[in-house]
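# Secondary and tertiary structure notes
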Number of protein chains: 2
Amino acid sequence: MNNLTTPASAPPVSQLVLNLITVGTERPFEGILDACIRHGITAVSPWRDHYADIGVQRAASALRERSITVNTLCRMTGFGPADDSSSWQKAIDDARRVIDEAAALGAVSITLTGGGVASSGGSIQDARQRILEGIQTILPEARAAGVLLAIEPLHPMCAADRGAISSIKQACAMATAAGQGAMVMIDAYNTWWDPEIETSVANAARLICGFQVSDWLVPTTDLAFDRGMMGDGVIDLRRVRRMVIDAGYEGPVEVEILSNRWSARPIDEIISTVVQRFASVC
Amino acid sequence: MNNLTTPASAPPVSQLVLNLITVGTERPFEGILDACIRHGITAVSPWRDHYADIGVQRAASALRERSITVNTLCRMTGFGPADDSSSWQKAIDDARRVIDEAAALGAVSITLTGGGVASSGGSIQDARQRILEGIQTILPEARAAGVLLAIEPLHPMCAADRGAISSIKQACAMATAAGQGAMVMIDAYNTWWDPEIETSVANAARLICGFQVSDWLVPTTDLAFDRGMMGDGVIDLRRVRRMVIDAGYEGPVEVEILSNRWSARPIDEIISTVVQRFASVC
């Protein structure tokens, strides 16, 4: 596995997908899309919050009018916690809405983080079992809608409250158990520390349906919203990108920076920095 | 691996080791020891900061006078970052002082977290290689001093700046590569999320030289100093303890709570809560 000697060259900007959480969820959706166009970005990944106020149909029109495509819709979650049967049904109902919205937006995939253990009790093993059952329950409907489920392992620091899938290997096992249409999203931020990342990415192979980048800051002051711009942290992003390419992945590279600091800046400053670092670091 | 059906009964307080970081590093060492005695605790694990002002010889006397034994001395670190040769030599020199101090205190082991990647550059793979070289360099001297090196995988959120050993499996591989006298410290807080924890602990077997507990809070607001008292979080501590016992570990259970909130409380409140939760949760 030590043949990662040649770093990949920088990806062309045509391969860049901007995950819209990078600019926060408070700006008007159409204004965000216009800013993307100004910087040559023609593919985005929204969170559902981005169009909650205008509705998915108007969001879909805004995208079509600008010929902007959607990579992944964030996110399907809530299966993990063991509250009661109504909470489970709520998660399933919510998942159905996500599928409808993803189909309306023409999204390639839905990012599925699954949910955490939460404070409601139950072990992490139980949470993982419920997430797998959630995937198996909803997958036929996603398949029928022509949308992939992109199972995303989150950083282990998110296991308790955001997503209990904690390694690429575990996400792949779930995708394989669930069957056709269930794939895996690899986010360098969530997985760079994994002692087995090389083997895990290689084994993931054709299950990989997305690749996301940002950077790990030193120090990091928040467990969710203190990610860094590529190049400002310690992750060897080009090395991870080399791994996913070597595994056979040929899709886009998505920039997803959850950062209260970045999202508060002027949108053109955020996106121009993304484009510049994408070319120099990724 | 699914035969963990019988939870272990609560451990007797005679098995409790208090890691002194739980009460912070600002209190006088002898006062901390007196408080331990008041609550029936006769074994501790100091950090070097705990006796920096009085010196290790006086600390050793204070322990002897109270018949308090030392489990592990925290901590050996600094091998990871690729600064320059002087920084490496500084880490080795420092490691030698830790061994001298551990011997003076009669400590069973030294906890080795190794160091992170830091902002000085270099990949996490490089950092891990340097940590292994640090262990191999210093191990003969630890062995000669009769002190074990307890290699501790830290939580992956600490990989960048505190310790780049990120799984039990990786710590075991390093201990095995280094040879006799190198063992592994398993901290439930650092490892509870690991999808392969059961297999990894079982395989660690006789390499396990220590077991630590605290709890994962929801939410967690700091990457280092927001651990919870046992029972206040989401970790199934008894399940993890069952794993280490089934792996053959017969040593003490150490309470190590890095928490700015807990360490600020009155010392008798902290320790009495530790003793009570130890009996009811661990």
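No experiment lies behind these values; they were computed from the predicted model shown. (Residues numbered from 1 in each chain as written. Chains lettered and ligands numbered in written order. Predicted model: local features only at pLDDT ≥ 70, side-chain atom pairs only at ≥ 80, totals over all residues. Heavy atoms only, no water.)

## Quick notes on the pattern of salt bridges
Residue and element names in this part refer to chain A. We apply this condition: For salt bridges, the criterion is a side-chain nitrogen of Lys or Arg within 4 Å of an Asp or Glu carboxyl oxygen. Numbering of helices and strands runs from the N terminus; a helix is a DSSP stretch of H or I covering at least four residues, while a strand is a stretch of E covering at least two. Only protein chains enter the calculation, and the probe is 1.4 Å; a residue is then buried if its accessible area is under 20% of its type maximum, exposed if over 50%, and partly exposed in between.
A full pass over the atoms with the stated rule returns 34 salt bridges over all chains. The shortest N-O distance in the salt bridge between glutamate 101 and arginine 48 comes to 3.0 Å. With a gap of 53 residues between them, glutamate 101 in helix H3 (residues 85–105) and arginine 48 in the loop between strand E2 (43–45) and helix H2 (56–65) connect regions that are remote in the sequence. For the pair formed by glutamate 101 and arginine 48, the shared burial category is buried. Within this structure, Arg48, Asp94, Arg97 and Glu101 form a network of salt bridges that share partners.

## Some details on the relation of the copies chain B and chain A
Note the threshold: For this overlay, a least-squares fit was computed on C-alpha atoms, restricted to residues scoring pLDDT of at least 70 in both copies. Pairs of residues are marked as contacts when any of their non-hydrogen atoms sit within 4.5 Å.
Superposing chain B onto chain A takes a rotation of 180° plus a shift of 0.0 Å along the axis, which leaves an RMSD of 0.0 Å. Both chain copies can therefore be described as sitting about a two-fold axis. The residues that chain B uses at the interface reappear at the interface of chain A in 100% of cases, marking a shared surface.

## Focus on the sheet that holds strand E5 (residues 109–112) of chain B
Residues and elements named next belong to chain B. Quick reminder of the rule: By definition, two strands form a pair when at least two bridges between them are found by DSSP. To obtain each axis, a line is fitted to C-alpha atoms, and for helices this fit is confined to the stretch in contact; angles are then taken between N-to-C directions over 0 to 180 degrees.
Here we have 9 strands laid out as an open sheet, ordered E3-E2-E1-E9-E8-E7-E6-E5-E4, and parallel in their pairing. A single partner strand is all that each edge strand has here, and the edge strands are strand E3 (69–70) and strand E4 (72–76). Where strand E1 (residues 16–19) meets strand E9 (residues 253–255), 3 bridges bridge the pair, whose relative direction is parallel. Looking at E9, one finds that valine 17 is bridged to glutamate 254. Lying over the sheet, helix H8 (residues 237–246) contacts strand E7 (182–187), strand E8 (208–213) and E9, oriented at roughly 175° with respect to E8. Here helix H10 (residues 267–281) sits on the sheet in contact with E1 and E9, set at roughly 140° to E1.

## What to know about the interface of chain B and chain A
Selection criterion: Note on terms: buried area is the combined drop in 1.4 Å-probe accessible area of two parts once they are placed together, counting the loss on both. Under this definition, polar contacts are N or O atom pairs within 3.5 Å; protein pairs additionally need one hydrogen-donor-capable and one acceptor-capable atom, and for neighbouring residues in sequence, both atoms have to be side-chain atoms.
At the junction of the two partners, chain B supplies 31 residues and chain A supplies 31 residues. In this assembly, chain B packs against chain A so that about 2400 Å² is buried in total across both faces, 68% of it on carbon and sulfur atoms. In terms of surface lost to chain A, no three residues of chain B exceed Trp192(B), Trp193(B) and Leu223(B), which account for 21% of the buried area on that side. On the surface where chain B and chain A come into contact, there are 2 salt bridges. When the shortest N-O distance is used, the salt bridge between Glu196(A) and Lys169(B) registers 2.8 Å. On inspection of chain B and its partner chain A, the count reaches 4 residue pairs in polar contact (both at pLDDT 80 or more). If you tally residues by element for the side of chain B that touches chain A, the top one is helix H4 (residues 124–144) of chain B, at 3 residues.

## Observations regarding the packing of aromatic side chains
Condition: Each Phe, Tyr or Trp ring (for Trp, its six-membered ring) is paired with any other whose centre lies within 6.5 Å, and the angle between the two planes then decides the class: stacked below 30 degrees, edge-to-face above 60, tilted in between. Either the NZ atom of lysine or the CZ atom of arginine qualifies as a charge over a ring when it sits within 6 Å of the ring centre and within 35 degrees of the ring normal.
With the rule as written, the count across this model stands at 7 aromatic pairs over all chains. Plain terms: the ring middles of Tyr189(A) and Trp216(A) are 5.0 Å apart, the flat faces sit at 25° to each other, and that makes the pair stacked. With Tyr189(A) in helix H6 (residues 188–191) and Trp216(A) in the loop between strand E8 (208–213) and helix H8 (237–246), this pair connects stretches of sequence that are 27 residues apart. With respect to burial, Tyr189(A) and Trp216(A) carry one shared label: buried. Between Trp192(B) and Trp216(B) the ring centres are 6.2 Å apart and the planes differ by 40°, which places this aromatic pair in the tilted class. Of the two residues, Trp192(B) is situated in the loop between helix H6 (188–191) and helix H7 (197–204) and Trp216(B) in the loop between E8 and H8; the sequence distance between them amounts to 24 residues. The two residues Trp192(B) and Trp216(B) agree in class, both being buried. Three or more aromatic residues joined by ring pairs form one cluster here, namely Tyr189(A), Trp192(A) and Trp216(A). It is Arg265(A) that lies over the ring of Trp262(A); its NZ or CZ is 3.9 Å from the centre.

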